[in-house]
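Commentary on secondary and tertiary structure
Okay, here's what each chain looks like letter by letter:
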Amino acid sequence: MVLHDLKFVEKNTMVDHGKVESDGDISLAENLVILSMAKFSVDYPHFVKSSGTCVVLRAPDKHDEAKRNRKLRAYLLGNLDRCAVCKVGETGDIGLLTTSAETEGYLCYLLTATRDSSIGITKVENTGDSRKEAKVSTSAQENVTGVKRGSEQLAAMKHYNENLQRDRSTRHKSYILHLRNLNNCVKSHLIKYGVKCSKKAAVAILDLGCGMGGDILKWLKGSFEVSRYVGVDIAKASLEQFARERLKSNPQKEKVTHLICADLGTESLTSVDNTLDVHTWGRRDGSIYGKWEALSSPLSEKDKFDVASCQFAMHYMFQTSKKASHFFAEISRHLAKGGVFVATTIDSRVVVDMAAQVEACSVRDEDHLGKARKTDQQRRLMFNDDFGNTLLEMSFGGDAWNRMILPAQEQRSLTGEDDWAYGIQYVFQLRDTGDAAAVNAPEWLVPLGAPLERLAARHGLRVALCKNFHEVVKGDFEKGANATHIPSNLGKFGVFNLKGTMSETEWKLAHLYVALVFEKL
Ligand SMILES: C[S@@+](CC[C@H](N)C(=O)[O-])C[C@H]1O[C@@H](n2cnc3c(N)ncnc32)[C@H](O)[C@@H]1O
């Protein structure tokens, strides 16, 4: 038997939790550091419980540590779907600690796992033969209509397909309720602003990465007329939920002419080469019903929209310059002249700044608010709340991190003009409620500034506005005719807590987001 240290990260400090005993198999685990708690069904749907190396949590000598261990076990036993996410040894690999109802004492299973950088999902390495099918496939797969989609896109698709319930039912439990309310407030204003800029009496909307249709009422119940709405998303289950729950009994549902299931980085809404799952309306016996069909080119070149919108989804399209270019070409093709494209995404300027600060301070293996945890393979930016819960972790592979912090000049000389700016991948794990992750899929930095301006220009678009959420909260998008008076509406959207503000951590998280407006020239 080998004894290992068991430690928790609490309030940014490492706390001893006694020892773990193993039969020696887990050579990686010189120590285990519990990082957070998770749910198999939500966070790790591909893991099979109780299939890993058997370890025994030993009752430690000191009383308070024993209590801590009992608490951990009670947590794990309280709901068999739960696990503790831990760092295994010094390698930075992720392990999942779980336990089983049948066992006595502190018997737990450690599922040793590695982080698969190509898909950003941790996967079990040492499952038994019978459980091989539970492994995550990392190869490209086909969608139902035979279109090949990349593994990263499948990871995003899976994540969003499997997290359908987190939208409304868990909202009141959210650690980041006020941030979510702020996001809604900004989206609502951005949408109004886009509509005002388009100067149309009735606007046609193209909503890219529309998900479950959480924004549909912002469009259909806004202070403006909508002539038509088309939603596109890679996650079909999200679109099905959109049609079923948000549209079925909505009197304006016919305005939602199409919900299209497509990968916006590779698939075209007009090309005959793609066959896509599309939801449209039909009529039978005088009543309207929604139907799904496999269609090629659901839209034609003639389908033009006044406002295109991509809320919190644009970062999925920047894996390569080809994908980003495809995405912008689709937007440009379908935007009417004078139309606008509004978007919200991660502010890469803030992320790069934080990473550079971390490098400058050479913070090693320490957890701080907004500081990084560095290991050889991975770099992480972590945001903890006052209770030591990690609300957000952005983890980068070593290569992505290094490319991100190299000065732009040097990067250009490495790979030619703007190539360096694409494919800077991270996994964004935003903890929403006690046991559900709001987002847990690979994303790519959107290179704000010159590279994005050049990309937009190549597709006949101009970046008209680029404002961090901090700037947005403090003022309006613009003075004059298109002003949207945001500060006076924050209270109405429930952005403030009982103290009449947002928590410090949520405010820091808000700094990570940016609102963008593009004009079609
Ligand atoms: C954070 S959600 C945002 C949903 C919605 N726009 C909102 O603001 O509530 C991101 C959405 O992007 C979609 N998505 C991710 N990758 C995509 C891709 N390659 N093509 C189309 N949609 C994608 C996801 O399925 C998900 O619904």
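Bear in mind the structure is a predicted one, so any value in this text is a computation, not a measurement.

Calculation criteria
Residues numbered from 1 in each chain as written. Predicted model: local features only at pLDDT ≥ 70, side-chain atom pairs only at ≥ 80, totals over all residues. Helix = DSSP H or I, 4+ residues; strand = E, 2+ residues; numbered from the N terminus. Buried ≥ 20, exposed ≤ 12 C-beta atoms within 10 Å, placed from the backbone. Contact = placed C-beta atoms within 7 Å. pLDDT = per-residue confidence, 0-100. Core = buried A, V, L, I, M, F, W, Y, C linked by C-beta atoms within 7 Å. Domains from an automatic or database assignment. Pairing = 2+ DSSP bridges. Right-handed = clockwise from strand over helix to strand, strands pointing away. Near = placed C-beta within 6 Å. Nonpolar A, V, L, I, M, F, W, Y, C, P; charged D, E, K, R; others polar.

This brings us to the overall build of the protein chain. The number of helices and strands found in the protein chain is 13 helices and 24 strands. Out of the 521 residues belonging to the protein chain, those deemed buried represent 46%. Put simply, 67% of the contacts in the protein chain that link residues at least 6 apart link residues at least 24 apart.

The next thing to look at is the confidence of the model for the protein chain. Taken residue by residue, the protein chain gives an average pLDDT of 75. The fraction at 70 or more is 64%. For the protein chain, per-element mean pLDDT is lowest for strand S8 (residues 122-124), which scores 26, and highest for strand S16 (residues 305-311), which scores 98. Across residues 48-63, confidence stays below pLDDT 50; counting only partners more than four residues off in sequence or on other chains, it has 55 contacts. Segment residues 111-146 is flagged for pLDDT under 50; beyond a separation of four residues in sequence, or across chains, it makes 91 contacts in the model.

The nonpolar side chains of a soluble globular protein tend to be buried with one another. Core analysis: the largest hydrophobic core is formed by 110 residues, its most contacted members being Ile205, Ile260, Phe341 and Val342. The leading source of residues in this core is helix H4 (residues 177-198), at nine residues. Two domains share this core, each providing at least three of its residues, namely domain 1 (2-162) and domain 2 (168-347 + 446-497 + 513-520). Ignoring any residue separated from it by four or fewer positions in sequence, one finds Ile260 in contact with Val230, Val232, Leu269, Leu276, Val278 and Pro298.

Next up on the list: the environment of Val427. Inspection of the secondary structure assignment puts Val427 in strand S21 (residues 425-433). On the neighbour-count criterion, Val427 (23 C-beta atoms within 10 Å) is buried. Note: C-alpha distance between Val427 and Trp444 (17 residues apart in sequence) is 8.5 Å.

Here the focus is the pairing of strand S12 (residues 225-233). Relative to S12, strand S11 (residues 202-208) runs parallel, the two being bridged by seven bridges. In the strand pairing of S12, Ile205 is matched with Tyr229. Taken together, the five bridges between S12 and strand S13 (residues 256-261) define a ladder with parallel strand orientation. For Asp233, the partnering residue across the bridge sits in S13 and is Cys261. In this view, the connection linking S12 to its parallel neighbour S13 by way of helix H6 (residues 236-247) has right-handed handedness.

Looking now at the site of the ligand. Taken together, 19 residues sit near the ligand, with Gly209, Gly211, Gln311, Ala313 and Tyr316 positioned nearest. Per-element tally for the shell around the ligand: the top contributor is helix H3 (residues 151-162), with three residues. Along the lines of polarity and charge, the residues of the shell around the ligand split into nine nonpolar, seven polar and three charged. Counting contributing residues per domain, the shell around the ligand is built from domain 1 (2-162) and domain 2 (168-347 + 446-497 + 513-520), each supplying no fewer than three.

Let's shift gears to unusual backbone geometry. One non-glycine residue, Lys199, lies in positive phi territory at about 55°. With respect to the helices and strands, Lys199 occurs in the loop between H4 and S11. A positive phi angle, close to 50°, is found at Asp285, a residue other than glycine. For Asp285, the position within the fold is in the loop between strand S14 (275-284) and strand S15 (287-296). For Asp285, a count of 5 C-beta atoms within 10 Å translates into the label exposed.

Moving on to the pairing of S13. Counting buried positions along S13 gives five out of six residues, so the element sits mostly inside the fold. Pairing analysis gives three bridges linking S13 to S14, with the strands arranged antiparallel. Bridge pairing in S14 links Ile260 to Val278.

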